[in-house]
Amino acid sequence: MTETLIRAASHVVCMDDDRRVLRDADVLLRDGQVVALGQSLTTAGEVVDAEGCVVTPGLVNTHHHLYQTLTRAVPAAQDALLFGWLQTLYPIWARFTPEHMYVSAQIGLAELALSGCTLSSDHLYLYPNGVRLEDTIAAAEEVGLRFHPTRGAMSIGESDGGLPPDALVEEEAVILSDMARVIDAFHDAAPGAMCRVGVAPCSPFSVSRELMRDAAVLARDKGVMMHTHLAENDEDIAYSLEQFGCRPGQYAEDLGWVGLDVWHAHCVKLDASEIDLFARTGTGVAHCPCSNCRLGSGIAPVRAMRDAGVPVGLGVDGSASNDAGNLVAEARQAMLLQRVARGADAMSAQEALEIATRGGADILGRPECGRLSVGARADVAIWDVSGIEAAGSWDPAALLLAGPNTVRDLFVEGRQVVRDGQVTTFDLQAAMRKQAVLANGLMDG
Ligand SMILES: [Zn+2]
């Protein structure tokens, strides 16, 4: 039995069904689960003093391309819209090897961990030079985050009217058989699973209608979740109307891409009927506010989605379009962006934190994560609010208004991954040195 008592937190923001915020409270973790919350709890195990700290559920990241951590702030892509941005970066990404994938995932996941994230999905849709999904799974095991990698894919190259260069696309039969392979090898459906695999054709503009449909059939046959990019910006909508004769929502519905087992990234341009479709079918949305700002894509109608009952989670998106990978900063951005669109009462700090925790867990099919209640998984973030960021705050639990951007401590499945602001599970400094060598190699062409 492994037990940890997080003791005397000034606030515990539970994000449970009653949205309780406990004062001067303890949280007891045992064998990967939360087993008690309250005052004066005791343990024979480890004690972590959380005086002067706010405790929250670990944050959940629902959209990322970890490999992009090696291609931040690429000059020619700094000011481009989505399609031009992609066309600048594709030739660089075509040079990635398994080592690039592994190291970029280590760095990206460590950055997420430091920003309070305990569960991250990843969307890996290019497989040059022998790259495999397990390059990222190995990195997640080392860092210690709960991981939902998705086997992405691109199959329509430039010569067939698609956006990516032909060298980065794969045969559809190869894609489907590799999707089945990685699900069989790595997907764990058990409670408390540390790895769940999904299928994720990159976007309607880089795969065929047939692959979208066949991937959905495969996912449902295997009982795994489905993910793609949808309705990201005006170019995306125009492409859908021109190529498919319909809006993205209709396209998704026709091919089986709506339901409780589906979540779509961005959805900036969903119209009222598409929001209604997502609400009726329980289709999830991964909201990525920084990326949407960075690429000038627009403001996703998150207020309207939430009011209609659409399940919404938060994602940092890839580090080539953010360029940060800080999930708690992303949550603040989500709150601010809705206020830009709809006024100061459009989204509270607590609601944005809810989207970043239980909201994300729910759209990934993990309702046992993203909240602190008895029986929930022991994924916990401890935020020190005694520092300058929260100085003078009248409401330390309102972390997104005045709080730190990094955690003091982080637990995943009861295991400590961050202690005193340092990742404890692997040699981050060594990974940083490797990262610098690899990124410099890419710059040199
Ligand atoms: Zn993306």
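Preceding this section is the structure that the text describes.
Heads up: these notes are all about the structure in this document. (Residues numbered from 1 in each chain as written. Predicted model: local features only at pLDDT ≥ 70, side-chain atom pairs only at ≥ 80, totals over all residues. Heavy atoms only, no water.)

## Section: the coordination of the zinc ion
Logical step 1: Within the protein, His-63 (NE2), His-65 (NE2), His-229 (NE2) and Asp-317 (OD) serve as the donor atoms for the zinc ion, at 2.1 to 2.5 Å.
Logical step 2: Each of the four donor atoms bound to the zinc ion contributes to angles spanning 88 to 175 degrees, and the resulting shape is irregular.
Logical step 3: Each donor residue of the zinc ion lies on the same chain, and together they follow the pattern H-x1-H-x163-H-x87-D. Of this pair, His-229 sits in strand β10 (residues 226-230) while Asp-317 sits in the loop between β13 (312-314) and α11 (327-342), and the two are 88 residues apart along the sequence. Accessibility classification places His-229 together with Asp-317 in one group, the buried group. (Donors = N, O, S within 2.8 Å, 3.2 Å for Na, K, Ca; no water. Tetrahedral: all angles 85-135°; square planar, octahedral: opposite > 155°, others 65-115°. Helix = DSSP H or I, 4+ residues; strand = E, 2+ residues; numbered from the N terminus. Buried < 20%, exposed > 50% of the residue type's maximum accessible area, 1.4 Å probe, protein only.)

## Section: the pairing of strand β16 (residues 415-419)
Logical step 1: Sheet topology note: the strand β15 (residues 409-412)/β16 ladder contains three bridges and is antiparallel. Bridging across to β16, Phe-411 finds its partner in Gln-416.
Logical step 2: Between the antiparallel neighbours β15 and β16 lie two residues, among them Glu-413 with a positive phi of about 55 degrees.
Logical step 3: Sheet topology note: the β16/strand β17 (residues 422-423) ladder contains two bridges and is antiparallel. Looking at β17, one finds that Arg-419 is bridged to Gln-422.
Logical step 4: From the end of β16 to the start of β17, which pair antiparallel, there are two residues, and Asp-420 there has a positive phi angle of about 50 degrees. (Pairing = 2+ DSSP bridges.)

## What about unusual backbone geometry?
Logical step 1: Here the amide bond leading from Asn-322 into Asp-323 is cis, since omega sits at -10 degrees, within 30 degrees of zero.
Logical step 2: In this fold, Asp-323 is placed in the loop between β13 and α11.
Logical step 3: Although it is not a glycine, His-266 adopts a positive phi angle of roughly 80 degrees.
Logical step 4: Topologically, His-266 is positioned in strand β11 (residues 262-266).

## Focus: helix α5 (residues 209-222)
Logical step 1: Taking 1.5 Å of rise per residue, 14 residues should cover 20 Å, and α5 covers 20 Å from first to last C-alpha, within 8% of that figure.
Logical step 2: All buried positions along α5 are accounted for by Leu-211, Met-212, Ala-215, Ala-216, Leu-218 and Ala-219. The buried residues of α5 all sit within an arc of 165 degrees when viewed along its axis, so they share a single face. Facing away from the buried side of α5 by more than 90 degrees, the exposed set consists of Val-217 and Asp-221.
Logical step 3: Buried-residue contacts for α5 involve β8 (146-153), α4 (172-186), β9 (198-201), β10 and α7 (248-254). (Expected span 1.5 Å × (residues − 1). Arc of directions from axis to C-beta. Contact = heavy atoms within 4.5 Å.)

## Here we look at the environment of Asp-409
Logical step 1: Looking at the secondary structure, you find Asp-409 in strand β15.
Logical step 2: In the structure, Asp-409 is positioned 361 residues away from Val-48 in sequence and 9.2 Å away in space, judged by C-alpha atoms.
Logical step 3: When neighbours within four sequence positions are excluded, Asp-409 is seen to be in contact with Val-48, Val-380, Ala-381, Ile-382, Gln-416, Val-418, Arg-419 and Asp-420.
Logical step 4: Only 3.0 Å separates the side chain of Asp-409 from the backbone nitrogen of Asp-420, close enough to count as a polar contact. (Polar contact = N/O pair within 3.5 Å; in protein donor to acceptor, adjacent residues only side chain to side chain.)

## Details of the pattern of salt bridges
Logical step 1: On inspection of all chains with the given rule, the structure shows 30 salt bridges.
Logical step 2: Arg-181 is the partner of Asp-178 in a salt bridge, and the nearest nitrogen-oxygen pair spans 2.6 Å. Of this pair, Asp-178 and Arg-181 are both found in helix α4, three residues apart, which corresponds to roughly one turn of the helix.
Logical step 3: In this structure Arg-181 comes out as partly exposed when scored by relative accessible area, which is 29%.
Logical step 4: Across the salt bridge formed by Asp-323 and Arg-294, the nearest N and O atoms sit 3.3 Å from each other. Of this pair, Asp-323 sits in the loop between β13 and α11 while Arg-294 sits in helix α9 (residues 289-294), and the two are 29 residues apart along the sequence.
Logical step 5: Residues joined in a network through salt bridges with shared partners are Arg-19, Arg-303, Arg-306, Asp-307, Glu-351 and Glu-354. (Salt bridge = Lys/Arg side-chain N within 4 Å of Asp/Glu carboxyl O.)

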